[in-house]
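Next come the chains, spelled out residue by residue.
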Amino acid sequence: MQVALEARGLTKEFRGFVAVNDVSLKVTEGSIHALIGPNGAGKTTFFNLLTKFLQPTSGTITYFGRDITRMSPAGIARLGMVRSFQISAVFADLSVLENVRIALQRARGESYDFWRSEKVLARYDGEARGHVDDVGLSDFVHHRAGELSYGRKRALEIATTLALDPRMLLLDEPMAGMAQEDVTRISALIRRIARNRTILMVEHNLSVVADLSDRITVLARGEILAEGDYATVSKAPAVIDAYIGAGHD
Ligand SMILES: Nc1ncnc2c1ncn2[C@@H]1O[C@H](COP(=O)(O)OP(=O)(O)OP(=O)(O)O)[C@@H](O)[C@H]1O
């Protein structure tokens, strides 16, 4: 399998404070790769570097061999590397189906002027329903997005992201704030959408990480502590020390 995303020597300094220090990482195409680590490890900063929300102080990032270090988030989205919740705002007053139709329309670059034209939007119905089914929201197609439970809202956000047909998805704490029932549902969803995609996620819920990930990178104090499958990294003494030392949520 080829490398989907690669960071080489990524460093981010904030006024002299090194939040990410010379981190190199390879995400293999078709894998689910998790980024974990105790609080303040630099996960969010590293994730923001990879998704181009922050510019690195030094280092390079390539996506399927192409240098994306200086690209914008919109630029990499056009290449098929999409961060969930980046483009996919959910409109509370619109139905589940309408939200996905609009996402499809935006993905095709159609003008917002057409938003209210039922005729134009109806063209996307079939495809939109497909994405709604994929994320398990078939029973809620005509519900207002604002009325959905938290977990179902996240599922809807994933559906609007899938409308962009991403080759690689970057998920920022997909389980944050979820009840166990939703965690189970979203885990199954991530597994399903990963079948023909590459996924990199930052996630605090270690049982989810253990369950879903092919490979895990552990960060602490801005550096990589360990990398491997869950059995390997969870046994590494440096990882155990870092978690006990820093405390985690
Ligand atoms: N914009 C910024 N300016 C200055 N320092 C920052 C900035 N962003 C992050 N940091 C610092 O960088 C370090 C890493 O933060 P980061 O949020 O990346 O860690 P994290 O692993 O995501 O933590 P958590 O799990 O608590 O979200 C922290 O010490 C933080 O205070």
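Residues numbered from 1 in each chain as written. Predicted model: local features only at pLDDT ≥ 70, side-chain atom pairs only at ≥ 80, totals over all residues.

As recorded by an unreviewed UniProt entry, the chain carries the name ABC transporter ATP-binding protein and is attributed to Oceaniovalibus guishaninsula JLT2003.

Observations regarding the overall build of the chain
Within the chain, the secondary structure is distributed over ten helices and ten strands. A compact globule built from 249 residues would reach a C-alpha radius of gyration of about 18 Å, and the chain, at 19 Å, matches this within 12%. The C-alpha extent of the chain, read off along each of the three principal axes, is 60 × 40 × 35 Å. Evaluated residue by residue, the chain yields a buried proportion of 42% over its 249 residues. Nonlocal contacts in the chain, meaning residues at least 24 apart in sequence, comprise 66% of its contacts between residues at least 6 apart. (Helix = DSSP H or I, 4+ residues; strand = E, 2+ residues; numbered from the N terminus. Rg over C-alpha atoms; globule rule 2.2 N^0.38 Å. Buried ≥ 20, exposed ≤ 12 C-beta atoms within 10 Å, placed from the backbone. Contact = placed C-beta atoms within 7 Å.)

Here we look at the site of the ligand
Residues in contact with the ligand, as listed here, are Phe14, Phe17, Ala19, Gly37, Asn39, Gly40, Ala41, Gly42, Lys43, Thr44 and Thr45. Looking at the shell around the ligand, the elements that each hand over two or more residues are β2 (17-28) and α1 (43-50). Looking at which element gives the most residues to the shell around the ligand, the answer is α1, with three residues. Partitioning the shell around the ligand into residue classes produces four nonpolar, six polar and one charged. (Near = placed C-beta within 6 Å. Nonpolar A, V, L, I, M, F, W, Y, C, P; charged D, E, K, R; others polar.)

So, the pairing of strand β8 (residues 198-202)
Side chains on a regular strand alternate between the two faces of the sheet. Burial within β8 is extensive, with five of its five residues counted as buried. Taking every second residue as pointing to the same face, both faces of β8 are buried, with Thr198, Leu200 and Val202 on one and Ile199 and Met201 on the other. Two elements, strand β3 (residues 32-36) and β8, share four bridges in a ladder whose sense is parallel. In the strand pairing of β8, leucine 35 is matched with valine 202. (Pairing = 2+ DSSP bridges.)

Side note on the confidence of the model for the chain
The predicted model of the chain averages 89 in pLDDT, with 92% of residues at 70 or higher. Reported confidences for the modelled complex are a pTM of 0.88 and an ipTM of 0.94. (pLDDT = per-residue confidence, 0-100.)

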